[in-house]
Amino acid sequence: MKLDTRKIEKLLSRPTCRLACDAAALIFFILVILLPTVFLFAFVALRWDEVVFFVFSNPVSGDIRWWRMLNAIAISFEVAAIATAIDLAVGLPIALILARYEFRGKEILDSLVDLPLGVPSAALGLSLYLFWGTSDGLNLLTRGFWLIVLTHVTFTFPYIVRSSVGVIEGVDRTYEHAARTLGAPSFTTFRTVTAPLSKAGLIAGSILAFTRSLGETGATLVVAGLVETAPLAVVSMHQRRLIGPAAFLSMLLVLLALGLLAVIKVVSEKVGIPIKRVWPGLERKLSGRKPRIARDIASLSFFGLMILIPSCFSISCTVNHWDSVFYEVFLAPDEKWKVLVDSLVTSFEVAAIATAINLIFGLAMAIVIVRRPWRRFCSVLDTITDMPLVIPTAALGFSVYLFWGPRGLGLVNTGFWLIVLTHVAFTYPYVVRTLVAALKGLDPSLEHAARTLGAPPFMAFRTVVLPLISTSMLAASILAFTRSLSETGATIVVMGTARTVPVLVVMWSEAVGYARYAAAFASVLLILVCYGLLLALRYVAKR
Amino acid sequence: MPDVRLVNVTKTFEGGRIVAVDHVNLYVRDKEYFCILGPSGSGKTTLLRLIAGILEPDEGEIYIGGKPMRGIPPEDRDIGYVFQTFALFPHMTAWENVTYGPRARGWPEEEIERVGREMLELVGLYERADAYPRELSGGMMQRVGLARALATGASLLLLDEPLSSLDAKIAFELRYEIRRLVKGLGRTAIHVTHNQAEAMAIADRIAVMRRGRILQVGTPQELYMKPNCIFVAHFVGESNFLEGFVEKVDERGSLVRLRGDLIVRVEGKSLSVGEKAVLGIRPEVLSLETNGTKRENALPGTIERVMFEGVITRYEVRLDNEDLIVITAPSMTAKPLKPGDRVMVCIPSEKVFLFPYPERGLKEELAVE
């Protein structure tokens, strides 16, 4: 028996098997991820006449759609820019607190910062709307531009803090000690040493937050009111069967986002944080105890009052109005609970299937990227696997729909399986990214050791590599799973008659006040599941 | 007047579970080149960081130039700090690194220029001013680190294992260069190291540290010739340690009975009759005789190993009482001996250190971790 497994593993280690595995990874990537994601561009090119007719020279409306599109894009960029700026202003001090202070309750603050990351954005949007815009909460802001900005600040905030904490912790404290012993007070030290050394990471975090804001749909749908951001315009055009213009707008959004990222990258490499000049008097004052405490209190209270409490408000709302919730969900004649159960099942099925598929093909792909000797090719692959990350999910869903649906290959119709395909596409980068990092961090001599001890390559992989990256695989699964569970924009475009919970939250909260409490209930369910999974992820990652 | 005084300084970590510095009292004189010598984990780097203000002591007070330092942040202590890992800012050139201190203090531009040039010239790297740290060798990086620490004109220089990350040869050259610079500029220096040869070569005085405590402070000669405890005799230079009991104390010294009833006469008489004792004997004070007769302080034994180490040759001799003893002799003049040869080991009574037997055992006392 023992010998047999060895024989099988020897067989599996043969170059043909390896080649088959690599080929499967690449074919899957091209067919299921890359082509559906970028099919949009081909579609626009193929249907250019249609696009021109609808967008630029419609006999009825002329080029008014074009101006509306530009307006929507402008709003999207404004929101993203303002949100990222606020994130940086509030997030950096908090990141510094987390990275450099030791205090009791640091763990708690650390996990609270991640809260909005674990909460599906549609649920978050509803929570913020309930907090700011209804009589249950403060009733201060109506749906519209500033509520959109606040919502986007809330869900992009963790990206900035998380990445900043990472890079600041990565800066060797000895540099800071050196600066201090050379006479630089703490503010000067941060500006001239810590900040320049973590610049790249800070910019990466800002870009992440910016793109995430640019492409968000679910929360925005709930809080937008009459304002239309670009992803919302895509969704609404799709719903009105304006396929050509929707494709065109998606493409514009993607191209502009990519262009802007390129510009940011180039500019940030050229322009540094000023480190030559020092203003000893002013900076000494800023380094003092009082300004530092004031800054910490200000940023922490902003975090608590403007982010944390509004994000969890739907929970208290559900508890306070339990009677209405119970009536709307279980007693009302339209039997919302049935729909809710159905969509819960759908949500979990989609997330589970998408995660499983990505785990298998993502691992194969990660191996190709890290282990195969084709250096150039591998680094190109490494870059383009991130493609789905920069494309707004509504546009991505739309592209997947065009590719598989009746207007493209005609293989899959809107509904459950198209949702799965879409979710596979946008969760793929998360899995591959995590596994590539894990494989790269592995000491290759461990595998060599197994080989010299008589293990065939497959066995070495199974017995040494796989156990060592198992935590990362679990982390990747949880990441993909929660991401899928909370997605709205892409799902709306491809769902047909199927429903997922985030979509339900959006639909019920759009029905002007009527099913608000049912929506709150559904979103609380989502929040609990997703945040629970996120805490599990943190626990796994710590071990 | 940058003398440094530490009074009862204590620093603990992890809520008091680790005592890194334990009630240390120390005085470093103005313009002195002072070394703190100790094995890794002895608390010597913590002590330096306390002086620098990177850490604050739990207890006790540190005075620099007579002024108490509690609550004063590093940037206001007028010190220079040289790091083991160099800690050159990787995003700045050698020039920007060296002039960082003057700029942070807001000196006028021409003064910054002058000091930067002077310091880089002092360490012989002015022509590499525009190089980034990654373009410099280890030795060059530490020279820049030194120039940077000196550039602010700080009269107290703190050096944390400045040579430990360098190749042996470079470290050897640089140790004298550092001393020359510090002495030339009239600064006070506190230099932390685990390398006893380095400390002996450059220090005016040395403090030997172990487990957070200072064991002995003295000139290199004092530490070597008159170690006050077993650990110092062991860590500074090298010693044989033989256990025994004090048999007799008279006007010429003491007689110590080793196991196997071997008697050794020593000059010290700090212990009383019947007390358990440890004899510390440096290998180079011992001599070997091949045909010696039985007499006082000549112990019979058999050569077990001979190790040629270049300048000296090292002999391990198993005494007839089973104790092992190491003898070194200059290679060029040493007798040709081989394992198995019978010898007499001659002990000069005036060069033996007499210590009381340590409470926690000899092995524990010698541990360097």
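Per chain, residues are indexed from 1 in the order of the written sequence. Whichever chain is written first is A, and whichever ligand is written first is 1; the rest continue in order. pLDDT decides what is reported in this predicted model: residues at 70 or higher carry local features, side-chain atom pairs at 80 or more are listed and counted, and totals for whole chains, interfaces and linings draw on all residues regardless. Only heavy atoms go into the side-chain values, all of them from the structure, while hydrogens and water stay out.

Take a nonpolar patch on the surface next. All names here are of chain A. Put simply, a patch holds well-exposed residues, over 30% relative accessible area, that have no salt bridge, with like charges counted together within 9 Å and Val, Leu, Ile, Met, Phe, Trp or Tyr side chains within 5 Å. The protein chains shown are the only cover counted for residues, whose accessible areas, like all others here, come from Shrake-Rupley with a 1.4 Å probe. Here, a salt bridge means any Lys or Arg side-chain nitrogen found within 4 Å of an Asp or Glu carboxyl oxygen. A cluster of nonpolar side chains, Trp322, Phe326, Tyr327, Phe330, Leu331, Trp337, Val341 and Val345, forms an exposed patch at the surface whose accessible area comes to about 750 Å². Mapped by element, the contributors of at least two residues to the nonpolar patch are α17 (322–331) and α18 (336–371). Elements are defined by DSSP. Helices are runs of H or I of four residues or more, strands are runs of E of two residues or more, and each kind is numbered from the N terminus. Top contributing element to the nonpolar patch by residue count: α17, with five residues. A relative accessible area of 42% means that valine 345 is categorised as partly exposed. Residue burial is assigned from relative accessible area. The probe radius is 1.4 Å, only protein chains are included, and a residue is buried under 20% of its type maximum, exposed over 50%, and partly exposed in between.

On to the domain arrangement of chain B, then. All names here are of chain B. In this document the domain limits rely on a domain assignment from an automatic tool or a database. Domain assignment breaks chain B into domain 1 (4–233) and domain 2 (239–359). Once you take the C-alpha centre of each, domain 1 and domain 2 turn out to be 40 Å apart. In this assembly, eight residues from domain 1 lie in contact with nine residues from domain 2. Taking both sides of the interface into account, the surface hidden between domain 1 and domain 2 amounts to around 660 Å²; carbon and sulfur atoms contribute 63%. In terms of surface lost to domain 2, no three residues of domain 1 exceed Tyr224, Ile230 and Ala233, which account for 78% of the buried area on that side. Whenever a nitrogen or oxygen atom comes within 3.5 Å of another N or O atom, the pair is scored as a polar contact, on the condition that within protein one atom can donate a hydrogen and the other can accept it, and that pairs from neighbouring residues in sequence are kept only if both atoms are in side chains. If you look at where domain 1 meets domain 2, you find four residue pairs in polar contact (both at pLDDT 80 or more). In terms of residue count, helix α8 (residues 220–225) provides more of the side of domain 1 that touches domain 2 than any other element does, three residues in total. The contact rule is simple, with two residues in contact once any of their heavy atoms fall within 4.5 Å. The quantity reported as buried area is the accessible area (1.4 Å probe) lost by two parts once they are put together, taken as the sum for both.

So, about helix α5 (residues 106–113) of chain A. Within α5 of chain A the residues assigned to the buried category are Lys106, Leu109, Asp110, Ser111 and Val113 of chain A. The secondary structure elements touched by the buried residues of α5 of chain A are α4 (64–100), α6 (115–118), α8 (145–170), α16 (289–320) and α27 (516–542) of chain A.

To continue, consider the packing of helix α21 (residues 393–404) of chain A against helix α22 (residues 416–440) of chain A. Residues and elements named next belong to chain A. To obtain an axis, a line is fitted to C-alpha atoms, over the contacting stretch when the element is a helix, and the angle between two such axes runs from 0 to 180 degrees between their N-to-C directions. Viewed as axis vectors pointing N to C, α21 and α22 meet at an angle of 125 degrees, and their least axial separation amounts to 10 Å. By the angle between their axes, α21 is oblique relative to α22. Crossing of α21 over α22 shows right-handed handedness. Two secondary-structure elements touch here, α21 through Thr393, Leu396, Gly397, Val400, Tyr401 and Trp404 and α22 through Leu418, Leu421, Thr422, Ala425 and Phe426. Class assignment for the residues of the contact of α21 with α22 results in eight nonpolar, three polar and no charged. Geometric relationships in this document are graded by angle, where less than 35 degrees denotes roughly parallel, more than 145 denotes roughly antiparallel, 65 to 115 denotes roughly perpendicular, and other angles denote oblique. What makes a crossing left-handed is the near helix being turned counterclockwise from the far one by less than a right angle; a clockwise turn instead makes it right-handed. All amino acids are sorted into three groups, where Ala, Val, Leu, Ile, Met, Phe, Trp, Tyr, Cys and Pro are nonpolar, Asp, Glu, Lys and Arg are charged, and the leftover types, Gly among them, are polar.

Let us now look at the nonpolar core. What is meant by a nonpolar core is a set of buried Ala, Val, Leu, Ile, Met, Phe, Trp, Tyr and Cys residues, joined one to another through side-chain atoms within 4.5 Å. Counting 157 residues, the largest nonpolar core has Met365, Phe398 and Leu402 of chain A as the members making the most contacts within it. Aside from chain neighbours lying at most four places away, what touches leucine 402 of chain A is Phe39, Leu40, Phe43, Ile243, Ala247, Arg407, Gly408 and Leu409 of chain A. With 45 residues, the next largest nonpolar core counts Leu88, Leu120, Phe231 and Val236 of chain B among its residues.

The next subject is the confidence of the model for chain A. One number per residue, pLDDT, summarises how confident the predictor is, and it ranges from 0 to 100. A residue-level look at chain A finds 97% of positions with pLDDT of 70 or above and a mean pLDDT of 85. Averaged over each element, pLDDT in chain A is lowest for helix α1 (residues 2–12) of chain A (72) and highest for helix α9 (residues 173–181) of chain A (92).

Here the focus is the sheet that holds strand β8 (residues 188–193) of chain B. Residues and elements named next belong to chain B. Two strands are said to pair when DSSP picks up at least two bridges between them. Here we have six strands laid out as an open sheet, ordered β6-β7-β8-β3-β9-β10, and mixed in their pairing. Each edge of the sheet is formed by a strand with only one pairing partner; in this case those strands are β6 (79–82) and β10 (213–218). On average, each strand axis in the sheet is tilted by 15 degrees relative to the strand beside it, whichever way the strands run. Against the sheet, helix α1 (residues 44–52) touches β3 (33–37), β6, β7 (156–160), β8 and β9 (205–210), its axis set at about 150 degrees to β7.

Here the focus is the pattern of salt bridges. Within this structure, the stated rule accounts for 45 salt bridges over all chains. Ionic pairing is found between glutamate 75 of chain B and arginine 180 of chain A, a salt bridge with its closest N-O pair at 2.6 Å. With glutamate 75 of chain B in the loop between β5 (67–68) and β6 and arginine 180 of chain A in helix α9, the pair connects residues from two separate chains. When the shortest N-O distance is used, the salt bridge between arginine 314 of chain B and glutamate 238 of chain B registers 2.7 Å. With a gap of 76 residues between them, arginine 314 of chain B in strand β17 (residues 312–319) and glutamate 238 of chain B in the loop between α9 (230–235) and β11 (240–250) connect regions that are remote in the sequence. The class of glutamate 238 of chain B is partly exposed, set by a relative accessible area of 33%. Here the residues in one salt-bridge network are Glu56, Glu61, Arg70 and Arg77 of chain B, joined through shared partners.

Glancing now at the packing of aromatic side chains. Centre distance within 6.5 Å is the pairing criterion for rings of Phe, Tyr and Trp, where only the six-membered ring of Trp is used; planes under 30 degrees apart are then read as stacked, over 60 as edge-to-face, and the remainder as tilted. Per the stated rule, a full pass over the model turns up 27 aromatic pairs over all chains. When the centroid spacing of 6.0 Å and the interplanar angle of 50 degrees are considered together, the rings of phenylalanine 348 of chain A and phenylalanine 481 of chain A count as tilted. Separated by 133 residues along the polypeptide, phenylalanine 348 of chain A in helix α18 and phenylalanine 481 of chain A in helix α24 (residues 457–485) bring together distant segments of the chain. Here the aromatic residues Phe28, Phe29, Phe361 and Tyr428 of chain A are joined through ring pairs into a cluster of three or more. Sitting over a ring, as applied to charges here, requires NZ of Lys or CZ of Arg to be within 6 Å of the ring centre and within 35 degrees of the ring normal. Here arginine 143 of chain A stacks its cationic end above the ring of tyrosine 129 of chain A, 3.9 Å away from the centre of that ring. One cation-aromatic arrangement involves arginine 282 of chain B over tyrosine 224 of chain B; the distance from NZ or CZ to the ring centre is 4.0 Å.

Here we take up the packing of helix α11 (residues 199–215) of chain A against helix α14 (residues 243–270) of chain A. All names here are of chain A. In contact at an axis separation of 11 Å, α11 and α14 are set at 165 degrees when each is read in the N-to-C sense. In terms of axis orientation, α11 runs roughly antiparallel to α14. You can see that α11 and α14 cross each other, and the crossing is right-handed. In this structure, α11 uses Lys199, Ile203, Ile207, Phe210, Thr211 and Leu214 to contact α14, whose residues at the interface are Leu253, Ala257, Leu260, Leu261, Ile264, Ser268 and Glu269. For the contact of α11 with α14, the class distribution of residues is nine nonpolar, two polar and two charged.

Right, let's talk about the interface of chain B and chain A for a bit. The parts lose accessible area when they come together, and the size of an interface is often stated as this lost area. The interface of chain B with chain A comprises 27 residues on the first partner and 23 residues on the second. The largest per-residue losses of area from chain B upon contact with chain A belong to Glu75, His91 and Tyr100 of chain B, which jointly make up 27% of the total buried on that side. Between the two partners, chain B and chain A, sit two salt bridges. Counting every contact that joins chain B to chain A gives five residue pairs in polar contact (both at pLDDT 80 or more). Secondary structure elements with two or more residues in the side of chain B that touches chain A: α1, β6, α3 (100–104) and α5 (138–151) of chain B. Among the elements that take part in the side of chain B that touches chain A, α3 of chain B stands out by supplying four residues, more than any other. For the side of chain B that touches chain A, a count of residues per class yields 15 nonpolar, five polar and seven charged.

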